[in-house]
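# Notes for the structure review
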Amino acid sequence: MKKVGIIGQRGMVGSVLMERMRAENDFSNIEAYFYSTSQVGQEPPKESAGDALLDAYSVDELKGMEVILTCQGGDYTKKMHGELRNSGWKGIWIDAASTLRMDPNACLVLDPINGQGIRDALNKGVLDFVGANCTVSLLLMGIGGLMKSGLVDWVSTMTYQAASGAGARNMKELLNQMGYLAKHSDFENTSAHILEIDRNVNSSFRNSDFPDELFGAALAGGIIPFIDSELENGQSREEWKAMVEANKILGTDINPDMKNIPIDGTCVRVGAMRCHAQGLTIKLNQEVSEDTIKECILSSNDWVKWVDNNKAETVKGLNSAYISGSLNIPVGRVRPMNLGPEYWNMFTVGDQLLWGAAEPLRRMLNILSE
Ligand code: HSE
């Protein structure tokens, strides 16, 4: 059994990872040691092979591991990955953070889509394996089969991203904003006119004590069409990631026989808790039937689900609120568009903490145990 060091297991992604690893009995395949940046020496999770939390900043304590899996975040990776590699450590580093994603020596992990690519990378001696951006992983879990079919010219993705993508504290801020609006709007007063209630809501957004410290704006009752930092070309960094990371997973970025598929759109933060949704415009390079599209999509993996394009099935089947906690990736609203016969509309949803973060990492660990 491999000695695996786990870091960041108490954070939000780490906690989801622990839940999934317990549910799938993954700890029976590994000898797990847990590290901490702040509670060294304290009691570790019950699955630990050691009797205390180890020091996540100690190269000496990390070096004894064959595999390190970190959900500790980008700053930790920036600090410790280089130090550990410079010390001569040749183990496998599995990471949730974005820091190493575009490093040519790192492989992005989403095995239902690039399982062969991951195994080829391992055979070639690649040592760094990184989870992709959540919207990218969820997009490819949804339409990866179509993307691999050779039928796609380009994809426009308009995202509807949940508060969880910004972090645990942001999820609480969203709920605080909802609570603030409920408290200050007088909406429970049955004699209050809706326009009066709406005026109360509107003035609440501008109150100095409206809780928007983290988002910098209203997410309850509003949307924020900018995620991550600004780039020179006018994209947000979140928007930039879609094309570079998706093509890296598909292998279209380096394979001379394949074309890089352009992907672009606007990434928007909405008041959902932990499921990201994406409205897609897909330009195909030929006219095909809906059945062909359905077959491409459903043959890709066991988690993608087809939602027929009708209102009754869509309102719940493609609703962020109901996908939460599920590994299913529904794809629906599939229809040809007025733009021309090669243009298709689609919509997909997924839990950004599961396939968007924790699931590809725990599956990478299992690939190492094969
Ligand atoms: N960048 C994502 C978001 C988080 O802000 O929603 C997961 O990659």
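Predicted model only: the values in this text are computed from it and were never measured.

## Some remarks on the sheet that holds strand β4 (residues 67-70)
One open sheet accounts for seven strands, arranged β3-β2-β1-β4-β5-β7-β6; its pairing is parallel. The sheet is open, and its two edges are formed by β3 (54-55) and β6 (106-109), each paired on a single side. Bridge count between strand β1 (residues 2-7) and β4: four bridges; the pairing is parallel. Paired with I7 across the bridge in β4 is T70.

## Some words on a nonpolar patch on the surface
Judged by side-chain polarity, L175, M178 and M273 come together as a nonpolar surface patch covering roughly 250 Å² of accessible area. L175 gets classed as partly exposed once you look at its relative accessible area, which sits at 44%.

## Some details on the pattern of salt bridges
Summed over all chains, the structure comprises 17 salt bridges. Of the charged contacts, one joins D111 and R363 as a salt bridge, the two residues approaching to 2.8 Å between their closest N and O atoms. Of the two residues, D111 is situated in helix α4 (residues 111-123) and R363 in helix α12 (residues 354-369); the sequence distance between them amounts to 252 residues. K283 serves as the salt-bridge partner of D153, at 2.9 Å between the closest nitrogen and oxygen. In this pair, D153 is assigned in strand β8 (residues 152-161) and K283 in strand β11 (residues 275-284), connecting sequence segments 130 residues apart. Several salt bridges converge on common partners, so that one network encompasses R20, E24, D26, E359 and R362.

## Details of the pairing of β11
Within a regular beta strand, the side chains point alternately toward one face of the sheet and then the other, so they alternate between its two faces. Taking burial as the measure, the ten residues of β11 include ten buried ones, the bulk of the element. Because side chains alternate across β11, one face comprises the buried residues C275, A277, G279, T281 and K283, and the other comprises H276, Q278, L280, I282 and L284, equally buried. With eight bridges joining them, β8 and β11 adopt antiparallel strand pairing. Pairing of S156 across the sheet is with T281, part of β11. Where β11 meets strand β14 (residues 340-351), nine bridges bridge the pair, whose relative direction is antiparallel. Note that in β14 the partner of Q278 across the bridge is T348.

## Some remarks on the site of the ligand
In the vicinity of the ligand, the residues found are N133, C134, Q161, G165, I227, E238, R269, H276 and Q352. Alone, the ligand offers 260 Å² of accessible surface; in the complex the protein occludes 83% of this. Here the shell around the ligand is composed, by residue class, of two nonpolar, five polar and two charged.

## Side note on unusual backbone geometry
Even without a glycine there, the phi angle at N25 is positive, about 60 degrees. Take N25: it is sitting in the loop between α1 (12-23) and β2 (30-36). Not every positive phi belongs to a glycine, and R333 is a case in point at roughly 50 degrees. Turning to its location among the elements, R333 is positioned in strand β13 (residues 329-337).

## Here we look at helix α6 (residues 168-185)
Look at α6: 26 Å from first C-alpha to last across 18 residues, which is about the 26 Å you get at 1.5 Å a residue. By the burial criterion, the buried members of α6 are N170, M171, E173, L174, Q177, Y180, L181 and S185. Next to the buried residues of α6 lie α1 and α7 (194-206). Of the residues flanking the end of α6, it is D186, one or two places downstream, whose phi is positive at about 65 degrees.

## Quick word on the nonpolar core
Of all hydrophobic cores here, the largest spans 83 residues; its most connected members are I293 and M346. Setting aside residues up to four positions removed in sequence, M346 forms contacts with I143, L146, Q278, G279, L280, I282, I293, I297, G332, R333 and V334. Membership of the second largest hydrophobic core comes to twelve residues, among which are A163, L181, V201 and L219.

Cut-offs used in this document
- Residues numbered from 1 in each chain as written.
- Predicted model: local features only at pLDDT ≥ 70, side-chain atom pairs only at ≥ 80, totals over all residues.
- Heavy atoms only, no water.
- Pairing = 2+ DSSP bridges.
- Helix = DSSP H or I, 4+ residues; strand = E, 2+ residues; numbered from the N terminus.
- Patch = residues over 30% accessible without salt bridge, like charges linked within 9 Å, V, L, I, M, F, W, Y side chains within 5 Å.
- Areas by Shrake-Rupley, 256 points an atom, 1.4 Å probe, with all protein chains shown as cover.
- Salt bridge = Lys/Arg side-chain N within 4 Å of Asp/Glu carboxyl O.
- Buried < 20%, exposed > 50% of the residue type's maximum accessible area, 1.4 Å probe, protein only.
- Near = heavy atom within 4 Å.
- Nonpolar A, V, L, I, M, F, W, Y, C, P; charged D, E, K, R; others polar.
- Expected span 1.5 Å × (residues − 1).
- Contact = heavy atoms within 4.5 Å.
- Core = buried A, V, L, I, M, F, W, Y, C linked by side-chain atoms within 4.5 Å.

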